[in-house]
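Examination of the molecular architecture
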Amino acid sequence: MKPSSIARKTIPSARPASAKIAGSNKEAKENEGLPETSGKPRPSSGPLPKSRAGISAAPLRNQIPAGNRPASSANKPSASSVPSRVVRKPAAGAPARRQPGASGGDSSQGTGPPVRSGAPARRGPPRPRGLATVGAAAPLFANPGDQKELHPAIIKAARRSGQLNLSSRDLAEVPAKVWRINEIDNDEAKQLAMSMDGGEERWWDQVPLTKLLLCGNQLKHVSDELGLLTHLQTLDLHDNALAELPASVGELHALTRLVLSHNQLRRLPEELFAVTSLRQLLADHNRLEQLPEQAGDCLDLELLDVSHNCLTSLPAGLGYLHKVSRLAASDNQLETVPDELGSMTSLRALDLARNRLGAVPASLGQLYQLEVLDLRQNLLTEMPPLTDCHALKELHLGFNQVKEIGVELLESLKSLIILDLSNNKIESLPDDIAVLQRLERLDLKNNDLSVAPLRLCLLPLLKSVQLEGNPLRSVRRDLLTRSTQQLLRHFREDMERLRGQAEVDGLIIPGLGQRGESADADGGQTPEQARMHEVYKMKSSRLLSHTGQKAAEIPPDLFTMGQEAEVTTVDFSKNLLTSVSDSLLLLSGHLAELNLNSNRLTALPEALGQCCRLTYLNVSGNQLTALPDSLGTLKYLREVCLTLNRFTAVPPVLYGVASLEIILASDNQITEIEVEQLRRLGRLATLDLRNNSIPHVPARLGTVTQLRSLSLEGNLFKQPRPTVLAQGTASVLQYLRDRIPSAERDQ
């Protein structure tokens with residue numbers, strides 16, 4: 001029957017259609033015994049019979065008016081009567097409909113094999129990979145709102161990877177299955193498939209749980225069944241509300257890392273320290289009042305952090321921990337530390353800051369591998385006895401009551417890189433501070449220094465000096481806020497001035513000496529002895545200075561002595577030099593700072609480019625018009641001072657030095673600012689172009705946003721006005737950016 005003959009008919013007149021529907025239901029009943037195909041179409045063994053090749057029941061039913069459809073579901077066609085993902089011929093006269101992915105063909109053919117979609121349906125839930133965690137595809141719990149039973153997908157993923165992550169899930173208790181995840185119960189045994197089908201769980205793919213993360217929850221206790229996880233290597237319980245640990249933690253014989261930070265633990269069970277495999281124990285930010293003596297039984301322990309607790313003492317058994325490289329016990333209430341700490345010979349970092357220590361044992365001086373020692377905010381009145389700590393690189397003693405620095409101690413700390421003595425009661429620095437040749441940071445804030453420590457300028461690697469808060473009489477306040485290099489330069493000039501005054505007055509100032517001879521030398525020294533002493537002074541200060549001598553050339557012997565002393569700083573300023581001797585190459589291996597200020601130089605040698613470690617070059621106050629191209633090879637050059645020369649432009653070679661941070665080119669004859677070249681210098685922070693002949697400031701200079709200090713006063717341009725320049729670098733750059741045409745701003 002055609003569909004057009006069915007429209008607007010009652011149910012009795014539509015019996016042929018009902019008969020076809022009944023026929024479909026009959027076929028569905030006959031197929032009930034067939035195995036399910038899990039969404040896959042059944043393979044066809046031949047053409048469909050005529051009874052199934054005609055109009056499908058669903059399209060026919062859609063043509064019956066809604067009011068005339070049977071109310072009973074018994075007459076509805078069964079889903080099994082139409083094989084899934086099969087395209088059938090529509091009824092005659094009905095528009096042809098094609099399912100997505102079906103192959104095209106002649107729809108006029110009433111019979112033929114079923115047409116399958118391009119991609120078969122994937123069976124089963126998606127597999128979690130890697131660390132078993134909670135995702136949208138696999139919820140955490142089998143029943144929402146019930147935290148007692150884990151979802152099977154989470155269990156399967158954990159068994160496959162050996163790792164389980166239940167972090168930050170607001171758990172009040174750990175699901176019981178976690179502790180027995182290595183065991184298969186009876187229900188799981190029944191469901192465990194033994195086939196080779198990759199979509200099923202296979203027992204031979206399972207591994208024991210080795211990593212369990214339970215951090216960031218609300219756990220108040222841990223079950224005694226924790227000891228069942230005998231293969232566990234990492235257990236992370238930080239950021240919970242644990243008040244105690246079960247004794248069964250001592251049964252985790254494979255445990256190497258235990259994190260208990262940020263809990264409310266008052267004690268650690270003695271059984272924990274029977275875990276001899278433990279290498280890292282982090283128990284900081286708890287309420288621990290003491291550590292058991294058994295702590296010394298974990299002989300393989302490498303990291304121990306018990307900072308931010310309520311400890312009043314440390315057990316002497318820690319001396320047995322010969323493999324510990326880092327011990328953190330800061331922010332406690334320690335008044336003493338045991339002498340046995342000196343037996344921890346592998347210790348590289350010791351943090352005892354913010355305690356109540358009035359002294360530290362002399363045995364700490366035996367820690368010959370110690371690199372970092374932090375004793376800030378204690379009650380120390382003298383420097384710790386670190387006689388054999390030759391590897392020490394960082395010493396933090398801020399906020400104590402230290403009054404003086406022992407000379408003997410300085411001799412033992414020649415490897416120091418960072419020295420923090422801030423907020424103490426130090427009144428003076430010994431002259432032997434110059435032996436700290438590797439020192440890079442020195443903090444002397446808020447002490448009682450009244451005399452400027454001029455000998456700091458003899459430290460070649462010093463990058464940061466903090467002197468604020470001292471009653472210094474000979475140092476201007478503004479100098480203390482300038483850069484360290486400017487401050488040290490000022491100290492160096494003061495030292496030279498004092499040396500010169502001492503020579504004029506025939507005086508010997510302790511710690512300064514005189515040019516060309518030792519401060520304690522007598523008139524009976526031989527020339528060879530005087531030379532050896534001069535080399536020794538150069539070696540201790542790493543400085544070759546021949547400044548203010550009005551010399552037309554530098555004595556060749558000075559370069560030889562500087563080479564022997566491996567000097568890093570050379571100062572030939574305030575002379576009458578017209579050229580630089582090629583002997584400077586003798587110093588190229590270590591030269592970091594070169595000062596040729598206030599001479600009569602008209603050119604610099606190309607050989608200067610071979611000073612590969614040069615970081616600072618000062619050629620101000622000369623008659624230079626160009627720089628040698630070889631400077632472009634200097635990878636570490638940070639500051640160039642070209643003030644008071646005859647440059648008509650910033651030397652092009654500088655634009656190729658990517659490490660440049662400071663260009664001082666004031667008081668020259670520069671007529672143009674090359675913005676695009678400046679933008680190549682990504683580290684450029686200071687640009688001084690004052691008192692030149694610049695007629696115009698390009699607006700695109702505002703795009704050189706890395707600049708922190710821009711000085712343009714004293715030029716020929718009218719814009720920006722002086723009032724804008726006075727507002728600072730940020731305002732000037734913004735002023736210039738606002739004047740860039742909109743079409744060019746994105747370029």
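Residues numbered from 1 in each chain as written. Predicted model: local features only at pLDDT ≥ 70, side-chain atom pairs only at ≥ 80, totals over all residues. Heavy atoms only, no water.

1. Describing the overall build of the protein chain
A tally of helices and strands in the protein chain yields 14 helices and 21 strands. Split into buried and exposed, the 747 residues of the protein chain put 44% on the buried side. Restricting to contacts in the protein chain with at least 6 residues of sequence separation, those with at least 24 account for 39%. On the protein chain, roughly 38,200 Å² of surface is accessible, and the fraction owed to carbon and sulfur atoms is 49%. (Helix = DSSP H or I, 4+ residues; strand = E, 2+ residues; numbered from the N terminus. Buried < 20%, exposed > 50% of the residue type's maximum accessible area, 1.4 Å probe, protein only. Contact = heavy atoms within 4.5 Å. Areas by Shrake-Rupley, 256 points an atom, 1.4 Å probe, with all protein chains shown as cover.)

2. Topic: the sheet that holds strand E14 (residues 543-545)
Ordered in space as E14-E15-E16-E17-E18-E19-E20-E21, the eight strands form an open sheet in which the pairing is parallel. Because the sheet does not close on itself, it has two edges, and the strands there are E14 and strand E21 (709-711). Within this sheet the neighbouring strands show an average axis-to-axis angle of 5°, counted without direction. Sheet topology places strand E16 (residues 593-595) next to strand E17 (residues 616-618); three bridges connect them, and they run parallel. The residue of E17 that forms the bridge with Asn595 is Asn618. (Pairing = 2+ DSSP bridges. Axes fitted to C-alpha atoms, helices over the stretch in contact; angles between N-to-C directions.)

3. Points about the side chain of Asn618
By the secondary structure assignment, Asn618 is in strand E17. At a separation of 3.0 Å, a polar atom in the side chain of Asn618 contacts the side chain of Tyr616. Not counting the four nearest positions on each side in its chain, Asn618 is found in contact with Leu594, Asn595, Leu596, Asn597 and Cys641. (Polar contact = N/O pair within 3.5 Å; in protein donor to acceptor, adjacent residues only side chain to side chain.)

4. Details of the pattern of salt bridges
Tallying each qualifying case throughout the model produces 15 salt bridges. Between Arg348 and Glu371 there is a salt bridge, with its nearest N and O atoms 3.2 Å apart. In this pair, Arg348 sits in the loop between strand E7 (326-328) and strand E8 (349-351) while Glu371 sits in the loop between E8 and strand E9 (372-374), placing the two residues 23 residues apart along the sequence. With its nearest N and O atoms 3.5 Å apart, the salt bridge here joins Arg700 to Glu676. (Salt bridge = Lys/Arg side-chain N within 4 Å of Asp/Glu carboxyl O.)

5. Things to note about helix H4 (residues 152-161)
All of the buried residues along H4 are Ala153, Ile154, Ile155, Ala157, Ala158 and Arg159. A positive backbone phi angle near 75° is found at Gly162, which sits one or two residues after H4.

6. Re the side chain of Ser167
As for its position among the elements, Ser167 is in the loop between strand E1 (163-165) and helix H5 (176-179). A polar contact of 2.7 Å, which involves the side chain of Ser167, links it to the side chain of Asn165. Discounting chain neighbours no more than four positions away, the residues touching Ser167 are Leu213, Leu214, Cys215 and Asn217.

7. Some remarks on the packing of aromatic side chains
On inspection of all chains with the given rule, the structure shows one aromatic pair. For the cation-ring pair, Arg739 lies above Tyr735, with the distance from its terminal atom to the ring centre recorded as 3.6 Å. (Phe/Tyr/Trp six-rings, centres within 6.5 Å; stacked < 30°, edge-to-face > 60°. Lys NZ or Arg CZ within 6 Å of the ring centre and 35° of its normal.)

8. As for the layout of surface pockets
Here the largest pocket defines a volume of roughly 1,400 Å³. As for the largest pocket, its lining consists of 50 residues, of which Gln485, Arg489, Glu593, Tyr616 and Glu639 are closest to the centre. Within the residue set of the lining of the largest pocket, elements represented by two or more residues are helix H9 (484-505), strand E15 (569-571), E16, E17, strand E18 (639-641), strand E19 (662-664), strand E20 (686-688) and E21. Here the lining of the largest pocket takes ten residues from H9, the largest share from any one element. (1 Å grid on protein atoms, 1.4 Å probe; cavity = no way out; pocket = protein on both sides within 12 Å on 5 of 7 lines; lining within 4 Å. Points joined across faces, edges and corners; volume = space filled by probe spheres on them.)

9. Description of unusual backbone geometry
Here Gln719 and Pro720 are connected by a cis peptide whose omega angle stands at 0°. Of note, the phi angle at His308 is positive, near 55°, even though the residue is not glycine. Here His308 is to be found in the loop between strand E6 (303-305) and E7. If you check the backbone angles, Arg354 has positive phi at about 55° while not being a glycine.

10. Considering the nonpolar core
Leu212, Leu268, Leu281, Leu395, Leu456 and Phe491 are the most contacted members of the largest nonpolar core, which totals 108 residues. Looking at this core, the elements that each hand over two or more residues are H4, H5, helix H7 (407-412), helix H8 (477-480) and H9. In terms of residue count, the dominant contributor to this core is H9 (four residues). With residues near it in sequence (within four places) discarded, Leu456 still touches Leu429, Ile433, Leu442, Leu462, Val465, Leu488 and Phe491. Formed by 63 residues, the second largest nonpolar core is a distinct cluster that contains Val653, Ile670, Val724 and Val732. (Core = buried A, V, L, I, M, F, W, Y, C linked by side-chain atoms within 4.5 Å.)

11. Some details on the environment of Glu251
One can find Glu251 in the loop between strand E3 (234-236) and strand E4 (257-259). Here Glu251 falls in the partly exposed class, since its relative accessible area comes to 42%. Spatially, the C-alpha atoms of Glu251 and Gly227 are 5.1 Å apart, while their sequence positions differ by 24 residues. Here Glu251 is in contact with Gly227 and Thr230, once residues within four sequence places are set aside.

12. Section: the confidence of the model for the protein chain
Model confidence for the protein chain is summarised by a mean pLDDT of 79, while 74% of its residues fall at 70 or above. Scored below 50 in pLDDT, residues 1-137 shows 125 contacts in the model against residues more than four places distant or in partner chains. (pLDDT = per-residue confidence, 0-100.)

13. Looking at the environment of Phe491
On the secondary structure map, Phe491 appears in helix H9. What makes Phe491 buried here is its relative accessible area of 0%. Along the chain, Phe491 and Leu458 lie 33 residues apart, while their C-alpha atoms are 9.4 Å from each other. Those residues within four positions of Phe491 in sequence are excluded, and the remaining contacts are Ala452, Pro453, Leu454, Leu456, Cys457, Leu467 and Val475.

14. Comments concerning helix H11 (residues 556-565)
Of all the residues in H11, the buried ones are Leu558, Phe559, Met561, Gly562 and Ala565. The arc that holds every buried residue of H11, seen down its axis, measures 165°, which confines them to one face. At the exit of H11 stands Glu566, carrying a positive phi of roughly 55°. (Arc of directions from axis to C-beta.)

15. Looking at the environment of Leu392
Mapped onto the fold, Leu392 is located in the loop between E9 and strand E10 (394-396). On the accessibility criterion, Leu392 (0% relative accessible area) is buried. Sequence-wise, Leu392 and Glu371 are 21 residues apart; in three dimensions their C-alpha atoms are separated by 4.0 Å. Sequence-distant contacts of Leu392, that is, excluding residues within four places in its chain, are made with Leu370, Glu371, Val372, Leu373, Leu386, Leu413, Ser415 and Leu416.

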